[in-house]
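Breakdown of the fold
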Amino acid sequence: RDRERRTVPSFSDAAKAAHQALKDGWTDKGASVFLRSLENHAFPSLGSRRVDQITPDDVVSALQPIWTSKPDMARKVRQRIGKVLDYSHTKGWRPTEAPRKSVSAGLPRQPKGGHYDVMPYQSVPAYVTSLRSAAPTVGRRGQMFQILTAARPGEVRGARWEQIDLAKREWKRPASLMKERVAHAVTLNSGAIALLEQVRDELEGDPDPKGLIFGSKSGKMISDATFNKVLRDAGFSHDTHGFRSSFRDWAAENVPEIPDPVAEAAIAHQVPDEVVRAYKRTTFIEMRRKLLQKWSDYVLGEKASGE
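Residues numbered from 1 in each chain as written. Predicted model: local features only at pLDDT ≥ 70, side-chain atom pairs only at ≥ 80, totals over all residues. Heavy atoms only, no water.

**A look at the pattern of salt bridges**
For the coordinates displayed, the defined rule picks out 13 salt bridges. The shortest N-O distance in the salt bridge between Glu-170 and Arg-289 comes to 3.8 Å. You can see Glu-170 sitting in strand 2 (residues 170-173) and its partner Arg-289 sitting in helix 16 (residues 281-300), a full 119 residues away along the chain. For Glu-170, a relative accessible area of 16% gives the class buried. The closest approach of N and O atoms between Glu-286 and Arg-289, which form a salt bridge, is 3.8 Å. Of the two residues, Glu-286 and Arg-289 both sit in helix 16, three residues apart, roughly one turn of that helix. Note on Glu-286: relative accessible area 44%, which makes it partly exposed. Connected via shared salt-bridge partners are Arg-152, Glu-155 and Arg-173. (Salt bridge = Lys/Arg side-chain N within 4 Å of Asp/Glu carboxyl O. Helix = DSSP H or I, 4+ residues; strand = E, 2+ residues; numbered from the N terminus. Buried < 20%, exposed > 50% of the residue type's maximum accessible area, 1.4 Å probe, protein only.)

**Let's talk about unusual backbone geometry**
Phi is positive for Ala-150, close to 55 degrees, though the residue is something other than glycine. With respect to the secondary-structure elements, Ala-150 resides in the loop between helix 9 (138-149) and helix 10 (153-157). By relative accessible area, which is 2% here, Ala-150 ends up buried. Phi is positive for Arg-169, close to 60 degrees, though the residue is something other than glycine. Mapped onto the fold, Arg-169 is located in the loop between strand 1 (164-165) and strand 2.

**Structural notes on the packing of helix 2 (residues 11-22) against helix 6 (residues 71-90)**
Their axes nearest at 9 Å, the elements helix 2 and helix 6 cross at an angle of 85 degrees. What the angle tells us is that helix 2 and helix 6 run roughly perpendicular. On helix 6, the residues touching Phe-11, Ala-14, Ala-15, Ala-17, Ala-18, Ala-21 and Leu-22 of helix 2 are Ile-81, Lys-83, Val-84, Leu-85, Tyr-87 and Ser-88. A class-by-class count of the residues in the contact of helix 2 with helix 6 yields 11 nonpolar, one polar and one charged. (Axes fitted to C-alpha atoms, helices over the stretch in contact; angles between N-to-C directions. Parallel < 35°, antiparallel > 145°, perpendicular 65-115°, else oblique. Contact = heavy atoms within 4.5 Å. Nonpolar A, V, L, I, M, F, W, Y, C, P; charged D, E, K, R; others polar.)

**Details of the packing of helix 9 against helix 12 (residues 226-233)**
At a minimum axis separation of 9 Å, helix 9 and helix 12 run at an interaxial angle of 100 degrees. When the interaxial angle is binned, helix 9 and helix 12 end up roughly perpendicular. Contact residues: Gly-139, Arg-140, Gly-142, Gln-143 and Gln-146 in helix 9; Thr-226, Phe-227, Val-230 and Leu-231 in helix 12. Of the residues in the contact of helix 9 with helix 12, the class split is three nonpolar, five polar and one charged.

Structure below.
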């Protein structure tokens, strides 16, 4: 241990060591973007510096180019720099933990409105119509599935056939795919089922259970920028993640008979156990199923079942 402490690594080497030591506690996406974001935004100025020589001013200098132009990314990079420096402190490579208050004092106020650019729910049906009328691509179909299920983009990009139960009309997402690392079942509405069946029927033979539903031609996961590119190509500035908020706003204003906790559960937000118990588990699932089916009817311009 003393010999390890005497050999103080550079920031880039310390970041790789921290990544290797901590990645088992992160989601697959979290582990993959950790190093990539540091390589893009921290390594150019901090990478070759010894971790015991990095000062608050060094951290500020690394963050300044993106602090106001890319505020969301800048906050994530700052957090990851701090994690590397804290890890270095535990290894004895630097005498202190990451500087925080002093870094805050050296950075300007970030612009307001750091939330995703959300498409108003009233505009979603017309956008879905344009998606369906355009030539089918993996990006367009993946985004359509994301809209219909109110899922996170990364959850759709990582969706595999083995997670789909068409008989039960459920998408059983494992904890490794989820932001909160808690397994979650999505009730599949008629629009999502029809889309999955269309994708499946175009395959040569039965789908590989381990295969990605919306993978690239080589079978690999598509880029996290793919869905936003679909929006840009259609002339929109909105963020694909914002469709979750579009769904949530629509549910609050148009389906008041469905309690808020049900809508929160539909988008895989944490809901207190006592709320689940209050509605009973089976009722909770059925209410989610009813809500997402209404959403499918709305965005596809179809009459609700029974009307």
